[in-house]
Amino acid sequence: MEVSYEIILNAILETLYMVSISLFFGAILGFALGIILVVTRKGHILENKWIFGIINPIVNIFRSIPFIILLVLLIPLTRLIVGTAIGTTAAIVPLVFHIGPYISRLIENSLLEVDDGIIEAAKAMGATPFQIIRKFLIPEAFPSLVLSVTTATIGLIGATAMAGAVGGGGLGDVAITYGYQRFDEMTTLVTVIILVVFVQIIQMIGHKLEHHFRRVS
Amino acid sequence: MDQINLKINKGDIFGVIGFSGAGKSTLLRTVNLLETPTSGKVLVDGVDLTTYSAQELREKKKEIGMIFQHFNLLNSKTVFENVAMPLLLSKVPKNEIRQRVMEVLRYIGLEDRSNAYIHQLSGGQKQRVGIARALVTNPKILLCDEPTSALDPQTTKSILNLLKKVNVEYNITILLITHEMEVIREICNKVAVMENGRVIETGNVLEIFSNPKEKTTKNFVQSVVRDEIPEFIIKMLQDDNPSKRIFKLKFIGENVGQSIVSEVAKKFKVDVNVLFGNIIELQEIPFGNLIIEIKGDHRECERAIQYIRLKDIQIEEVAANGSELRNYSQRNFGNLIYG
């Protein structure tokens, strides 16, 4: 059976489009939430039990909804934002809401790894809370943050496969519609191989960057 | 912490010693309000820090440097960037930062490592960087949180020397906490002993070392000045001649201890043997004890002892069981230092 390279190439571009755009917005959301989750917790620099008490369960709720369901649940919101609930761009909205909270937990973990002594030193120097986040927490957690984003990106590639449910396209969609539903094993194989290669490359870049920023010679 | 009242004067190297959990770390952190006291005042230069706004406090903290047991340096930054950090936070112009940082790095002897990352440094070098970072803003006060507890003895010595140098050359008041009496002996001029959140004893280092009152203080002092009677002397008393008279002299200051032995031997018809001695230096003053044997006619011995006592040297006779000492000195030894 022939594998249509046009379809594959198109799917690759769709996947890259969905992953990059939703990663961009998801990372902004995730960083913001992750930082808030860290600094507002008990005993931290901007302790605030109200903010923490609201954000924390909201993140949990989004984390507990399976993506395929979130995709459907968010249709009204998607329609509001992009004007339609179908298509590649439309898939980005639920992807952001899926990956944002996920990234926030990863960011939270990374930031919590930073030694309390660093924060203490920052406070002793008279750093403002914003300076502590900018100049101490983030730089110190940076290598770990890079790995977090790497993990999130790979998770995102997996999630885009489900975007086919709302006509999002992409490699996962091709694998299902052409391969699985039409018994075109070759197409399935090719798309799966491409996905594997993608994941390998991203993980490799992540490790390389992490290693670079870890400053280990 | 409860009822702590300490006054630290400008130029002091004030040591706070205590076992872990004694509250010394909390005390130190109260001085720059990393810990806020529930009641009481923290006066720095006569102004109560607890009345400051968050903004004012941040400014004030720039006059109070701090170094830590585990250095708390940024692993993601170079030595230069670490030291520059306090200036960067105050938005000092770049060229000024460069100049000041290199100046401080030269002072601590690490200018050639300015581009190294923290993990490439030894423990001693890391603490030097910590000190440089604390000094870069020209503080008036330096808080030291167990600065040498993570370092080996030799490195400890070099860091303590550096702190002393900083104290003298920049006239920076140092408040230091430690659990090692050796650190206190090495550089402090004043000491406070803490236990269970209270200061149980405080004073001049010479005073505390020569005349500790509380049990904990005595234990700490003994970790540096070993003044228990050595085993062989107790054996000597028990086995040999029970009529042997052995004495322990405690002394401070030049000449006093050493010369008294020859003085007594000349003045009276007695033989004096030095059996054991332990002398340390406290603020450049010799301080320690000698164990001597006085041989001779009973009357002459008593006269010799009287003579020593009148010289204001604490003299105690060592009994055969080693523990019970007959104290010949009526006067409080602590007064000797100033009197």
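Cut-offs and rules
Residues numbered from 1 in each chain as written. Chains lettered and ligands numbered in written order. Predicted model: local features only at pLDDT ≥ 70, side-chain atom pairs only at ≥ 80, totals over all residues. Heavy atoms only, no water. UniProt positions renumbered as here; feature names shortened; annotations may be inferred. Helix = DSSP H or I, 4+ residues; strand = E, 2+ residues; numbered from the N terminus. Pairing = 2+ DSSP bridges. Axes fitted to C-alpha atoms, helices over the stretch in contact; angles between N-to-C directions. Contact = heavy atoms within 4.5 Å. Core = buried A, V, L, I, M, F, W, Y, C linked by side-chain atoms within 4.5 Å. Buried < 20%, exposed > 50% of the residue type's maximum accessible area, 1.4 Å probe, protein only. Salt bridge = Lys/Arg side-chain N within 4 Å of Asp/Glu carboxyl O. Polar contact = N/O pair within 3.5 Å; in protein donor to acceptor, adjacent residues only side chain to side chain. pLDDT = per-residue confidence, 0-100.

**Things to note about the UniProt feature "transmembrane region" (unreviewed entry) in chain A**
All names here are of chain A.
Then, number 1: Per the UniProt record, the feature "transmembrane region" (unreviewed entry) sits at residues 16-39, 51-75, 81-103, 144-166 and 186-205.
Then, number 2: Between the C-alpha atoms that bound residues 51-75 there is a distance of 27 Å. The span itself is 88% helix and 0% strand.
Then, number 3: Annotation note: span residues 186-205, helix share 100%, strand share 0%, distance between end C-alpha atoms 29 Å.

**Here we look at the pairing of strand S10 (residues 270-282) of chain B**
All names here are of chain B.
Then, number 1: Sheet topology places S10 next to strand S11 (residues 285-296); 12 bridges connect them, and they run antiparallel. Bridge pairing links Leu-282 to Ile-285 in S11.
Then, number 2: Hairpin connection of S10 to S11: 2 residues between the antiparallel strands, including Gln-283 at a positive phi of 50°.

**Some remarks on the sheet that holds strand S7 (residues 190-195) of chain B**
Residue and element names in this part refer to chain B.
Then, number 1: Pairing in this open sheet of 6 strands is mixed, and the strands run S4-S5-S6-S1-S7-S8 from one edge to the other. Edge positions in the sheet fall to strand S4 (64-67) and strand S8 (198-204), since each has one partner strand and no second. Taken over all neighbouring pairs, the strand axes of this sheet differ in orientation by 15° on average, direction set aside.
Then, number 2: Where strand S1 (residues 13-17) meets strand S6 (residues 173-178), 5 bridges bridge the pair, whose relative direction is parallel. Within S6, the position partnered with Val-16 by the bridge is Ile-177.
Then, number 3: Strands S4 and strand S5 (141-145) of the sheet are contacted by helix H5 (residues 123-135), whose axis makes an angle of about 170° with S4.

**Comments concerning the nonpolar core**
Soluble globular proteins tend to bury their nonpolar side chains together.
Then, number 1: Val101(B), Leu163(B) and Phe209(B) are the most contacted members of the largest nonpolar core, which totals 57 residues.
Then, number 2: Sorting elements by how many residues they give to this core places helix H4 (residues 94-108) of chain B first, with 7 residues.
Then, number 3: In contact with Val101(B), other than residues within four places in its own chain, are Phe80(B), Val83(B), Ala84(B), Leu87(B) and Val136(B).
Then, number 4: Counting residues in hydrophobic clusters, the runner-up holds 52 residues, among them Val19(A), Ile92(A), Met125(A) and Ala127(A).

**Looking at the interface of chain B and chain A**
Then, number 1: Contact residues are listed per partner, giving 24 residues for chain B and 19 residues for chain A.
Then, number 2: Between Arg29(B) and Glu120(A) there is a salt bridge, with its nearest N and O atoms 2.3 Å apart.
Then, number 3: Linking chain B to chain A there are 7 residue pairs in polar contact (both at pLDDT 80 or more).
Then, number 4: The biggest single contributor to the side of chain B that touches chain A is helix H3 (residues 79-89) of chain B, with 4 residues.

**A short note on the pattern of salt bridges**
All names here are of chain B.
Then, number 1: As enumerated under the stated definition, the model contains 20 salt bridges over all chains in all.
Then, number 2: Measuring nitrogen to oxygen at the nearest pair gives 3.5 Å for the salt bridge that ties Glu-146 to Lys-24. Of the two residues, Glu-146 sits in the loop between S5 and helix H6 (153-170) while Lys-24 sits in helix H1 (residues 24-31), which places them 122 residues apart along the sequence.
Then, number 3: Its relative accessible area of 8% is what places Glu-146 among the buried residues.
Then, number 4: Measuring nitrogen to oxygen at the nearest pair gives 2.8 Å for the salt bridge that ties Glu-103 to Arg-100. Here Glu-103 pairs with Arg-100, and both are found in helix H4, just 3 residues apart, close to one helical turn.
Then, number 5: When its relative accessible area of 14% is taken as the criterion, Arg-100 is described as buried.
Then, number 6: Residues joined in a network through salt bridges with shared partners are Asp-45, Lys-60, Glu-63 and Lys-140.

**Comments concerning the environment of His70(B)**
Then, number 1: Residue placement: His70(B) occurs in the loop between S4 and H3.
Then, number 2: Here the alpha-carbon distance between His70(B) and Cys301(B), two residues 231 residues apart in the chain, equals 56 Å.

**What to know about the confidence of the model for chain B**
Residue and element names in this part refer to chain B.
Then, number 1: When pLDDT is averaged along chain B, the result is 85, and 91% of the positions lie at 70 or above.
Then, number 2: This stretch, residues 329-339, has a pLDDT under 50; its non-local contacts, to residues over four places away or in other chains, come to 20 contacts.
Then, number 3: With a pTM of 0.84, the predicted complex shows an ipTM of 0.86.

**Things to note about the environment of Asn9(B)**
Residue and element names in this part refer to chain B.
Then, number 1: Looking at where Asn-9 falls in the secondary structure, it is placed in the segment before S1.
Then, number 2: Residue Asn-9 is classed as partly exposed on the basis of its relative accessible area of 31%.
Then, number 3: When the C-alpha atoms of Asn-9 and Arg-98 are compared, they prove to be 33 Å apart, with 89 residues separating the residues in sequence.
Then, number 4: Apart from residues lying up to four places away in sequence, Asn-9 is in contact with Thr-173 and Lys-190.

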